[in-house]
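# Fold and geometry: a report
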Amino acid sequence: MIAFALGALIGDIKRFANPKKLVKYVGLNPAFDHSGQGQWTGGIGGHGRKDLRCLLIEGAQAILRCSSTPLAKWGKRLLARKGQTNLVVASMARRLTVAVWYLMMGRWTSLEESMRD
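One structure accompanies this document, and this report is about it.

Each value, and the rule that gives it
Residues numbered from 1 in each chain as written. Predicted model: local features only at pLDDT ≥ 70, side-chain atom pairs only at ≥ 80, totals over all residues. Heavy atoms only, no water. Axes fitted to C-alpha atoms, helices over the stretch in contact; angles between N-to-C directions. Helix = DSSP H or I, 4+ residues; strand = E, 2+ residues; numbered from the N terminus. Parallel < 35°, antiparallel > 145°, perpendicular 65-115°, else oblique. Left-handed = near helix turned anticlockwise from the far one by under 90°. Contact = heavy atoms within 4.5 Å. Nonpolar A, V, L, I, M, F, W, Y, C, P; charged D, E, K, R; others polar. Salt bridge = Lys/Arg side-chain N within 4 Å of Asp/Glu carboxyl O. Expected span 1.5 Å × (residues − 1). Buried < 20%, exposed > 50% of the residue type's maximum accessible area, 1.4 Å probe, protein only. Arc of directions from axis to C-beta. Patch = residues over 30% accessible without salt bridge, like charges linked within 9 Å, V, L, I, M, F, W, Y side chains within 5 Å. Areas by Shrake-Rupley, 256 points an atom, 1.4 Å probe, with all protein chains shown as cover. Phe/Tyr/Trp six-rings, centres within 6.5 Å; stacked < 30°, edge-to-face > 60°. Lys NZ or Arg CZ within 6 Å of the ring centre and 35° of its normal. Core = buried A, V, L, I, M, F, W, Y, C linked by side-chain atoms within 4.5 Å.

### Some thoughts on the packing of helix H2 (residues 19–26) against helix H5 (residues 85–104)
The axes of two packed helices give the description: the angle between them and the distance between them. Closest axis-to-axis distance for the H2/H5 pair is 9 Å, and the angle between their directions is 125°. Compared by their axis directions, H2 and H5 come out oblique. The way H2 lies across H5 gives a crossing that is right-handed. Residues Pro19, Leu22, Val23 and Val26 of H2 lie in contact with H5, whose contacting residues are Arg94, Thr97, Val98, Trp101 and Tyr102. The residue makeup of the contact of H2 with H5, split by class, is seven nonpolar, one polar and one charged.

Laid out in structure tokens, this is it:
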């Protein structure tokens, strides 16, 4: 169901020149403010397609909870290091969004290869 919704809501993937543009469209880009003297970073931008963002967050939560895939293993390592489930789920959803971009562009590489960094 998530795959169908992604295909239907994203539409023509060629309108996104790179994965970062799709991540920003979905609203999973990191939030920051570097104006003036006060600077902060944290969370996600939250602007964009809330419906897509919710689907990807739900998918990432399910993967983290019930899976032993490379993405789940990466997420569990990150959770052990950071200790914040919401941060890990957002990071996993961001990685899923990048993987969707590559898949829809026809340049798919396995998730194992993208988990190497």
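There's more to say after this.
### Describing the pattern of salt bridges
Working definition: two side chains of opposite charge can pair if their charged atoms are close together. Evaluated as defined, the whole model comprises one salt bridge. Note that Asp51 is salt-bridged to Arg49, the shortest N-O span being 2.7 Å.

### Observations concerning helix H4 (residues 70–82)
Taking 1.5 Å per residue as the helical rise, H4 with its 13 residues ought to reach 18 Å, and the 18 Å between its terminal C-alpha atoms agrees with that figure. The set of residues buried in H4 consists of Leu71, Ala72, Trp74, Gly75 and Leu78. For H4, the buried positions fall inside an angular range of 160° around the axis, keeping them on one side. Exposed side chains of H4 directed beyond 90 degrees from the buried face belong to Arg77, Ala80 and Arg81. In the core, the buried residues of H4 are packed alongside helix H3 (50–66) and H5.

### Re a nonpolar patch on the surface
A grouping of Tyr102, Leu103 and Trp108 is seen on the molecular surface, where their side chains present a nonpolar patch of about 310 Å² in accessible area. With respect to the secondary-structure elements, Tyr102 resides in helix H5. Tyr102 sits in the partly exposed class, given a relative accessible area of 32%.

### What to know about the packing of aromatic side chains
The geometry of an aromatic ring pair is captured by the separation of the ring centres together with the interplanar angle, meaning the angle of the planes. According to the stated counting rule, one finds two aromatic pairs in the structure shown. Consider the rings of Phe16 and Tyr25, whose centres lie 5.0 Å apart with planes at 55°: the pair is tilted. A relative accessible area of 6% means that Phe16 is categorised as buried. The aromatic ring of Trp74 is capped on one face by Arg95, whose charged end is 4.1 Å from the ring centroid.

### Some words on the nonpolar core
Core analysis: the biggest nonpolar cluster contains 23 residues, and Ile10, Leu22, Leu28, Leu56 and Met92 have the highest contact counts within it. At the level of secondary structure, the elements contributing two or more residues to this core comprise helix H1 (2–10), H2, H3, H4 and H5. When neighbours within four sequence positions are excluded, Leu22 is seen to be in contact with Ile10, Ile13, Phe16, Thr97 and Trp101.

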